[in-house]
Amino acid sequence: MRSAAAVVLLTALAACSGSPQPPEGAAWLSAGAGGHNSSAVAREAIVSPETAWSRTFGEPTPSPAVIASTGQIFVAVDAPYCNLYGLDMESGRKRFCSNLGPAVTPPTTDSVANVYTGFAGESRSMNEHGQIRWSARVYGTPRPAVDLKDGNVLVVTHIGQVNVLDTTSGQHSMPILDLLPSPSYSDGPVEFGDPTAGVQDCADGGAACPVAAAPAFDATSGTLYLVLWRAGAIAPQLVSLQYTGGANPTLTERWSSDLLPAAVSSSPVLSADAGTVYLADTDGNLLAFDTESGARRWAIPSVGGTDSPVVTADHLIIPSTGDNTHLRALRDTGESLESAWDRYDLSQRGAMAVADSTLLQVVGGAGSQALVGLDVATGDTLWTVGLPDDAGYATGVAVGPDGEVVVTSALGEVRVLR
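Bear in mind that the values here come from a model prediction, so they are computed numbers and not experimental data.

### Remarks on the overall build of the protein
Part 1: Check the secondary structure of the protein and you find zero helices and 32 strands.
Part 2: Buried residues in the protein amount to 57% of all 418 residues.
Part 3: Within the protein, contacts between residues at least 6 apart in sequence are counted, and of these 48% link residues at least 24 apart.
Part 4: With an accessible surface of roughly 15,500 Å², the protein has 50% of that area assigned to carbon and sulfur atoms.

Structure representation (structure tokens):
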């Protein structure tokens, strides 16, 4: 049986410094802000922002917006027609709307505002005007693309096919790898199945969706981390791979963890120093693994929700605690977690993000909903901005290049505050 050799990050042939690196920089390039999936950026958000504009698509927006360094917003919409939008940050004007296929992938953007997305059976790149740069056929439905920072982009499908594609042409830069055994032509004609088969299991991290979410990627070491449900296994594993980059890039497996205690539907998250990778599983457990060995460092049962935690540069972890549960922060001491602060008066109403020293969180209660800015170190409230209740659960909070805050909701609203 073929071992899980798969996707990863670029090798930036620079030596690692052991000191923590700041969170992601110039733009909100992916659902988790960047390769570490930490949902944290080094720039500060605007203080006490006000709504500049909002627009409703009439269909759910299930993932965070991503924001190019130019300020352009890209939003995936769960709709049968127009399902990827490019919006102007200043006005909310629609710059383009693309009608992609079923199971559209949350987008990723690069440093020059090209966007990478996909749908059942295809990976695609477009420029900031929505013009198609290239399309590449893939087997399965792509997970969010990973910019390898060396002129290649990595696309893993939900059934474990790994593609390293040239960002300019969409051509394969190395042979396709399969995390799971692929059909053998030696046994006769191969009939490939529906590229959406099993996608419905991705939301719960089920076995029919072997790779449910985007990998985490550390560009300094060229290492990638993903959750993989191997064929015939009773539970998934955390898998690490090494990407060599260069003229003839390669991917090889570094290690696989022991079987995880439960399914995982969210992405792994790397610490700022890339020494620890965090997971939240579908039972609400929070787990930490050493990135060198794959050994589990600790597991805390029933910490909170099933979404990826936010991780800051100074080892604070803000777990997803689920809808209408209180907000809290934990500190990773190296051996376990200790409480940093609790806000029992604030109930989570969706996604969150950290902009420099400020935690941005949508909170709500009976008859009210708001975006709050908290001092991430202490949990103290810095400011509060009211939001309409009818927008529903927040599926994403992202930070623009000038500190703008972009909130997406499950009911299909995009709101820009500045």
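Following the structure, the description resumes.
### Describing the state of the cysteines
Part 1: With the rule as written, the count across this model stands at two disulfides.
Part 2: The disulfide that involves Cys 82 links it to Cys 97, with 1.4 Å between the sulfurs. Here Cys 82 is found in the loop between strand E4 (73-76) and strand E5 (84-87), whereas its partner Cys 97 is found in strand E6 (residues 94-98), with 15 residues between them in sequence.
Part 3: Covalent S-S linkage joins Cys 202 and Cys 209, the inter-sulfur distance amounting to 2.0 Å. Here the disulfide of Cys 202 and Cys 209 is right-handed, its torsion about the S-S bond being about 85 degrees. Per residue, the accessibility class of Cys 202 equals that of Cys 209, and both read buried.
Part 4: By sequence order of its bonded cysteines, the protein has the disulfide arrangement 1-2, 3-4.

### Focus on the sheet that holds strand E10 (residues 132-137)
Part 1: Taking strand neighbours across the sheet as the criterion, the four strands line up as E7-E8-E9-E10 in an open arrangement whose pairing is antiparallel. Strands with a single pairing partner mark the edges of an open sheet, and in this sheet they are strand E7 (108-109) and E10.
Part 2: Pairing of E7 with strand E8 (residues 115-119), which is carried by two bridges, proceeds in the antiparallel orientation. If you follow Thr 109 over to E8, its bridge partner there is Val 115.

### Observations concerning the pairing of strand E26 (residues 337-355)
Part 1: Where strand E1 (residues 40-41) meets E26, two bridges bridge the pair, whose relative direction is parallel. Paired with Val 41 across the strands is Ala 355, a residue of E26.
Part 2: Bridging between strand E25 (residues 326-332) and E26 involves seven bridges; their strand directions are antiparallel. By the bridge assignment, His 326 is partnered in E26 with Ser 347.
Part 3: With antiparallel pairing between neighbouring strands as the criterion, E25 and E26 make up a hairpin whose turn holds four residues, including Gly 334 at a positive phi of roughly 105 degrees.

### Considering the side chain of Thr 395
Part 1: Locating Thr 395 in the fold gives a position in strand E30 (residues 394-399).
Part 2: One polar contact links the side chain of Thr 395 to the main-chain carbonyl oxygen of Thr 61, over a distance of 2.6 Å.
Part 3: What Thr 395 contacts, discounting residues up to four positions off in sequence, is Thr 61, Pro 62, Ser 63, Pro 64, Ala 351, Thr 408, Ser 409 and Ala 410.

### Considering the environment of Val 75
Part 1: Mapped onto the fold, Val 75 is located in strand E4.
Part 2: The exposure class assigned to Val 75 is buried, which follows from its relative accessible area of 0%.
Part 3: Through-space distance from the C-alpha of Val 75 to that of Pro 107 is 7.3 Å; in sequence the pair is 32 residues apart.
Part 4: Apart from the residues within four sequence positions on either side, Val 75 is in contact with Phe 57, Thr 61, Ala 65, Asn 83, Leu 84, Tyr 85, Leu 87 and Val 414.

### Some points on the side chain of Thr 223
Part 1: Checked against the element boundaries, Thr 223 lands in strand E16 (residues 223-228).
Part 2: When its relative accessible area of 4% is taken as the criterion, Thr 223 is described as buried.
Part 3: A distance of 2.6 Å separates a polar atom in the side chain of Thr 223 from a polar atom in the side chain of Ser 221.

### Brief notes about the sheet that holds strand E18 (residues 251-256)
Part 1: Here four strands make up an open sheet; going across it, the order is E15-E16-E17-E18 and the pairing antiparallel. In the strand order of this sheet, the two ends are held by strand E15 (216-218) and E18, each with one partner. Within this sheet the neighbouring strands show an average axis-to-axis angle of 25 degrees, counted without direction.
Part 2: Examined bridge by bridge, E16 and strand E17 (residues 237-243) share six bridges and lie antiparallel to one another. In the sheet register, Leu 228 faces E17, and the bridge partner there is Gln 237.

### Side note on the confidence of the model for the protein
Part 1: Looking at the protein, pLDDT values average 86 and 89% of them are 70 or higher.
Part 2: Taken as a whole, residues 1-22 scores under 50 in pLDDT and shows 81 contacts with residues more than four places along the chain or in a different chain.

Basis of the calculations
- Residues numbered from 1 in each chain as written.
- Predicted model: local features only at pLDDT ≥ 70, side-chain atom pairs only at ≥ 80, totals over all residues.
- Heavy atoms only, no water.
- Helix = DSSP H or I, 4+ residues; strand = E, 2+ residues; numbered from the N terminus.
- Buried < 20%, exposed > 50% of the residue type's maximum accessible area, 1.4 Å probe, protein only.
- Contact = heavy atoms within 4.5 Å.
- Areas by Shrake-Rupley, 256 points an atom, 1.4 Å probe, with all protein chains shown as cover.
- Disulfide = S-S within 2.5 Å.
- Pairing = 2+ DSSP bridges.
- Polar contact = N/O pair within 3.5 Å; in protein donor to acceptor, adjacent residues only side chain to side chain.
- Axes fitted to C-alpha atoms, helices over the stretch in contact; angles between N-to-C directions.
- pLDDT = per-residue confidence, 0-100.

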